[in-house]
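One-letter residues, chain by chain:
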Amino acid sequence: MKGRKHSQSGKVSERSSRRQLENEQLVNKPDFLKAATLGQIFVVCTQQLGGLEDGKITKLQFRKFLMTEQICFVFNLMGLGLSVMQYDLEFEEENEDISNWLLWIIFISTLALLVLTVLRYQQHMNWLKSRKQISQNDKIWQTEQWYPLLIELIIYCVVPYPFTIGMRVYFYNSFQDATAYYHVNEILALFMITRTVFIFRTILAQTFWYSNRTQRVCNLYACEGNYMFVAKSLMRTSPYISQFIALVSLIGIFGYGVRICENPLARNDPANNNLGRYANALWNIIITITTVGYGDFYTRTDLGRFVIFVVCILGIFVISVMVVTLINSLVISTLESHAITVLERIQLRSNLTKSASQVVLYSLKIHVALKKGNLSKVQLKLLLIKLRKNLNDFKISRRKYRNKQDVGNMNEEITNQFSLLKSDFSEVIEKQKGLLLQNQDIMNKLGVEAKPYISSP
């Protein structure tokens, strides 16, 4: 009997110890139960799923990426500026020593820019790794970054070289019925204009809409915080300034391109080289990009026509965006619509009062004149015509006023419906507060210390 009692007591103690261990595991195993608020529970759960990004490391990596982007911007802009200076020197075929030195500086800066571009993409990958968007072991060629990197490197390689100085490409121009020629470096300087795309990219990266915080918000709403997102944000927040900058930039860039294309004709006939002057080239781009096309200046080379073709397509896009922006700015908001409705009702009420007063006035005139008997048939007929006209005006004004009252009542009904929805949402919020309090009670029963729920005022 004693042995049985000892065995039963041992089993009971083992069961109690097992239950105690299970309770401790129940309390300690799910880490999110230790959190006092829903925000802390979310943080713990996301850390278990894959970890939240470390804010300090991510900010540091993003600042390094922006610094590399700015250095690339400086070298890119320097190469474009030197190319503009070198073009005039080589076209005039004067100061060959200075032109050659500028070509070597452009060449060396391009080599440095190629290295910096690779570092930029590497730093961009480090930033993505800190945000846990790609694996820590991924390389550039293992991701989708290699394709834009290759394209950017190829575009940067299109520059005037010191090795091609003096080389010419001859072509026949039907307008002059003569042979003209480009320098090879002139053609390379023309296609070097495509570098300006990366200048605009750097400018977009410096705005508020392309930041570490922006990327986190975009991830929350499952959208990409890329450069197109930045452009859309700028078009929404400051549409007129953005479009003005884009329009002026396009006019300046393509005007320079048209000048390069048309300037070789000046070697044969300087008097008829209209677009060889930068001012005329700018005017040609303005009338083309706005889809006007006076025809006073036009391109006469194949390269110039290709540039104008690109300008025509961009002009359609720019003008369409401007029209849409103007229409959106003229759309009446809900509050403005309410204000306009009230003002229209006030105006209609005043018109109704005026027409009613005119009806009463002519009625009294006819009544008094008939009493005195000093009215002729013609005068009476004229007074009756005026009375009928004012009666018609009174009926029209009353009808318009009633219709406008119906519209106002409809708007008030919609406002009342929104107020009812607001009350329904407040009831839902109260229910959520009750659920949070129940959750707090459950956590207290499980033995987890939780902060008391404090309702917002």
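All of these numbers come straight from a predicted model, not from anything done at the bench. (Residues numbered from 1 in each chain as written. Predicted model: local features only at pLDDT ≥ 70, side-chain atom pairs only at ≥ 80, totals over all residues. Heavy atoms only, no water.)

**Student:** Which parts of the structure should I look at to understand a nonpolar patch on the surface?
**Tutor:** Together, Trp141, Trp146, Tyr147, Leu150, Ile151 and Ile154 make up a nonpolar patch on the protein surface, roughly 690 Å² of accessible area in all. With respect to the helices and strands, isoleucine 151 occurs in helix α5 (residues 146-157). (Patch = residues over 30% accessible without salt bridge, like charges linked within 9 Å, V, L, I, M, F, W, Y side chains within 5 Å. Areas by Shrake-Rupley, 256 points an atom, 1.4 Å probe, with all protein chains shown as cover. Salt bridge = Lys/Arg side-chain N within 4 Å of Asp/Glu carboxyl O. Helix = DSSP H or I, 4+ residues; strand = E, 2+ residues; numbered from the N terminus.)

**Student:** Quick question: what am I supposed to make of the UniProt feature "transmembrane region" (unreviewed entry) in the protein here?
**Tutor:** Mapped onto this structure's residue numbering, the UniProt feature "transmembrane region" (unreviewed entry) falls at residues 71-89, 101-121, 146-167, 187-210, 240-258, 278-299 and 306-327. Secondary structure content for residues 278-299 is 55% helix and 0% strand, and the end C-alpha separation is 13 Å. Secondary structure within residues 306-327 divides into 100% helix and 0% strand; the distance between the first and last C-alpha atoms comes to 32 Å. (UniProt positions renumbered as here; feature names shortened; annotations may be inferred.)

**Student:** Just to check I follow, could you spell out the packing of helix α10 (residues 239-262) against helix α11 (residues 278-289) for this structure?
**Tutor:** For any two helices packed against each other, the geometry comes down to the angle between their axes and how far apart the axes lie. Between α10 and α11, whose axes approach to 8 Å, the crossing angle comes to 125°. Here α11 runs oblique to α10, going by the angle between their axes. In this structure, the crossing between α10 and α11 has a hand that is right-handed. Only Tyr278, Ala281, Leu282, Asn284, Ile285, Ile286 and Ile289 of α11 make contact with α10, whose side of the interface consists of Leu247, Leu250, Ile251, Gly252, Phe254, Gly255, Tyr256, Val258 and Arg259. Of the residues assigned to the contact of α10 with α11, the class counts are twelve nonpolar, three polar and one charged. (Axes fitted to C-alpha atoms, helices over the stretch in contact; angles between N-to-C directions. Parallel < 35°, antiparallel > 145°, perpendicular 65-115°, else oblique. Left-handed = near helix turned anticlockwise from the far one by under 90°. Contact = heavy atoms within 4.5 Å. Nonpolar A, V, L, I, M, F, W, Y, C, P; charged D, E, K, R; others polar.)

**Student:** Looking at this structure, how should I read the side chain of arginine 259?
**Tutor:** Along the polypeptide, arginine 259 turns up in helix α10. On the basis of relative accessible area, arginine 259 is assigned to the buried category, the value being 16%. Of note is the side chain of arginine 259, whose polar atom sits 3.1 Å from the side chain of aspartate 88. Only 3.2 Å separates the side chain of arginine 259 from the backbone oxygen of glycine 276, close enough to count as a polar contact. (Buried < 20%, exposed > 50% of the residue type's maximum accessible area, 1.4 Å probe, protein only. Polar contact = N/O pair within 3.5 Å; in protein donor to acceptor, adjacent residues only side chain to side chain.)

**Student:** Please clarify how the nonpolar core should be interpreted in this entry.
**Tutor:** General note: in soluble globular proteins, nonpolar side chains tend to be found buried as a group. One finds Leu190, Phe254, Val258, Ile285, Ile289, Val307 and Val311 to be the most contacted residues of the largest nonpolar core, which totals 25 residues. Where this core is concerned, the elements lending two or more residues are α3 (55-92), β2 (178-183), α10, α11 and α12 (302-329). Considering each element in turn, this core owes the most residues, nine residues, to α10. Setting aside residues no more than four positions away along its own chain, phenylalanine 254 makes contact with Ile285, Val307, Val310, Val311 and Leu314. (Core = buried A, V, L, I, M, F, W, Y, C linked by side-chain atoms within 4.5 Å.)

**Student:** I'm lost on the pairing of β2 in this one. Help?
**Tutor:** Successive side chains on a regular strand alternate, one facing one side of the sheet and the next facing the other. Where strand β1 (residues 168-173) lies against β2, six bridges are found, and the strand directions are antiparallel. Its bridge partner lying in β2, tyrosine 170 is registered against tyrosine 181. Between the antiparallel neighbours β1 and β2 lie four residues, among them aspartate 177 with a positive phi of about 55°. (Pairing = 2+ DSSP bridges.)

**Student:** It is not clear to me how a positive patch on the surface should be interpreted in this structure. Could you clarify?
**Tutor:** Together, Lys395, Arg398, Arg399 and Arg402 make up a region of like positive charge exposed at the surface. Mapped onto the elements of the fold, arginine 402 is located in helix α14 (residues 377-445). (Lys, Arg positive; Asp, Glu negative; His and termini not counted. Charge placed at Lys NZ, Arg CZ, Asp CG, Glu CD.)

**Student:** What exactly am I supposed to notice about the confidence of the model for the protein here?
**Tutor:** Here the protein shows a mean pLDDT of 81. Residues at 70 or above account for 81%. Below a pLDDT of 50 lies the segment residues 1-6, which in the model reaches zero contacts outside its immediate sequence neighbourhood of four places, other chains included. In this model, residues 25-36 is a region of pLDDT below 50 whose contacts with residues beyond four sequence positions or in other chains number 22 contacts. (pLDDT = per-residue confidence, 0-100.)

**Student:** Please explain the pattern of salt bridges as it appears in this structure.
**Tutor:** Oppositely charged side chains can pair when the atoms bearing their charge come close. All chains considered together, the criterion is met by eight salt bridges. Among the salt bridges present, the one from aspartate 393 reaches lysine 389, with a minimum N-O distance of 3.3 Å. Placement of both aspartate 393 and lysine 389 in helix α14 is noted, with a separation of four residues, approximately one turn of the helix.

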